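Summary of the model geometry
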Amino acid sequence: MLNIAVLVSGGGTNLQAILDSEARGENPNGKVTLVVGSKPGIFALERAEKAGIETCVVRRKDYAAADAFDAALADTLCAHKIDLVVLAGYLTVLGPGVIRAYPNRILNVHPALIPSFCGPGMYGLKPHEAALARGCKVTGATVHFVNEVCDGGPILLQKAVDILPGDTPETLQKRVMVEAEWKLLPAAIRMVCDGKA
């Protein structure tokens, strides 16, 4: 049984999809045991608390240097005996200290089909705005392992989502979450926990 930490920065809809999948018994070899917020007061932490999962906050701005933040985050994960780290709408870039502590054990979900619309600055609505501006007919989501290149780690799963006439960045974002992210992330976590990735 792998102990999973989910790192969050907002409402926690991806976290909820992971917890719902776990509640349905879809990941018998893993369990979310810690949720780490990038700031206090976010709804994702409330979701975790309601599910009886331990929470904590490790804020980048509380540390003068990036490596000090990395060390604090890595220490927190280690203290909780975490085996797998999942970035679920987490808006803080992890540095080499954390990545080295969890090689091929950090997953991220990105709201586009990598290598399109990814890299530094491509988060939130921005990938959806870029896909619409480019006139794409499909977009989607990608779950990949995290390495030291932003959105550059090995791809684990992808799912395409059609772009519909009249889509706005907001409607597209919601559909990508529902049709792709909420399905891919639990599936990728299970693959890792089952030793298939």
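Look above for the structure.
Per chain, residues are indexed from 1 in the order of the written sequence. Whole-chain, interface and lining totals are the exception, using all residues; otherwise, since this is a predicted model, local features are given only for residues with pLDDT of at least 70 and side-chain atom pairs are given and counted only at 80 or more. Hydrogens are left out, water is left out, and the side-chain values use all remaining heavy atoms of the structure.

1. Comments concerning the overall build of the protein
Per the secondary structure count, the protein includes 6 helices and 7 strands. Along its sequence from the N terminus, the protein presents helices and strands in the succession β-α-β-α-β-α-β-α-β-α-β-β-α. In terms of C-alpha radius of gyration, the protein reaches 16 Å, essentially the compact-globule figure of 16 Å for 197 residues. For the protein, the spread of C-alpha atoms along the principal axes amounts to about 50 × 40 × 30 Å. Counting from the N terminus, the helices are the DSSP runs of H or I reaching at least four residues and the strands are the DSSP runs of E reaching at least two. In this setup the radius of gyration rests on C-alpha atoms only. A globule is expected at 2.2 Å times the number of residues raised to 0.38.

2. Observations concerning unusual backbone geometry
Cis rather than trans, the peptide bond between Ile114 and Pro115 has omega equal to 20°. With a phi angle near 55°, Lys81 is a residue other than glycine that sits in the positive phi range. Here Lys81 lies in the loop between helix 3 (66-79) and strand 4 (84-87). A positive phi angle, close to 55°, is found at Asn104, a residue other than glycine. Tracing the backbone shows Asn104 in the loop between helix 4 (96-101) and strand 5 (106-110).

3. Let's talk about the sheet that holds strand 1 (residues 2-8)
Taken in spatial order, the 7 strands make up an open sheet running 3-2-1-4-5-6-7, and their pairing is mixed. Every other strand in the sheet has two partners, leaving strand 3 (54-57) and strand 7 (155-162) as the edge strands with one partner each. Across the sheet, the mean angle from the axis of one strand to that of its neighbour is 20°, orientation sign disregarded. Here, a strand pair is defined by DSSP locating no fewer than two bridges between the strands. Bridge count between strand 2 (residues 30-37) and strand 3: 4 bridges; the pairing is parallel. From the neighbouring strand, Leu34 faces strand 3, where its bridge partner is Glu54. Between the N-to-C directions of two axes lies an angle of 0 to 180 degrees, each axis being a line fitted to C-alpha atoms and, for a helix, fitted only over the stretch in contact.

4. Some details on the environment of Val143
You can see Val143 is positioned in strand 6 (residues 138-145). Separated by 33 residues in sequence, Val143 and His110 have C-alpha atoms that sit 6.3 Å apart. Working rule for contacts: check all heavy atoms of both residues, and any pair within 4.5 Å makes them a contact. What Val143 contacts, discounting residues up to four positions off in sequence, is Leu107, Asn108, Val109, Ile155, Leu156, Leu157, Leu184, Leu185 and Ala188.

5. Examining the pattern of salt bridges
A pair is scored as a salt bridge if a Lys or Arg side-chain nitrogen falls within 4 Å of a carboxyl oxygen belonging to Asp or Glu. Under the counting rule described, the total for this entry stands at 5 salt bridges. Arg190 is the salt-bridge partner of Asp194, the closest N and O atoms lying 2.9 Å from each other.

6. Details of helix 1 (residues 13-23)
What helix 1 keeps buried is the set Asn14, Leu15, Ala17, Ile18, Leu19, Ser21 and Glu22. Backbone geometry just after helix 1 places Gly25 at a positive phi near 80°. The classification of residues rests on relative accessible area computed with a 1.4 Å probe and restricted to protein chains. Under 20% of the type maximum is buried, over 50% is exposed, and intermediate values are partly exposed.

7. Focus on the side chain of Arg175
If you trace the backbone, Arg175 turns up in helix 6 (residues 169-193). The exposure class assigned to Arg175 is buried, which follows from its relative accessible area of 16%. Each residue touching Arg175, except ones within four places of it in the same chain, is listed here: Val161, Asp162, Ile163, Leu164, Asp167 and Ala180.

8. So, the pairing of strand 5
Counting buried positions along strand 5 yields 5 of 5 residues, so the element is predominantly enclosed. By the alternation rule, side chains of strand 5 split into Ile106, Asn108 and His110 and Leu107 and Val109, which are all buried. Sheet topology places strand 4 next to strand 5; 3 bridges connect them, and they run parallel. Bridge pairing in strand 5 links Val86 to Leu107.

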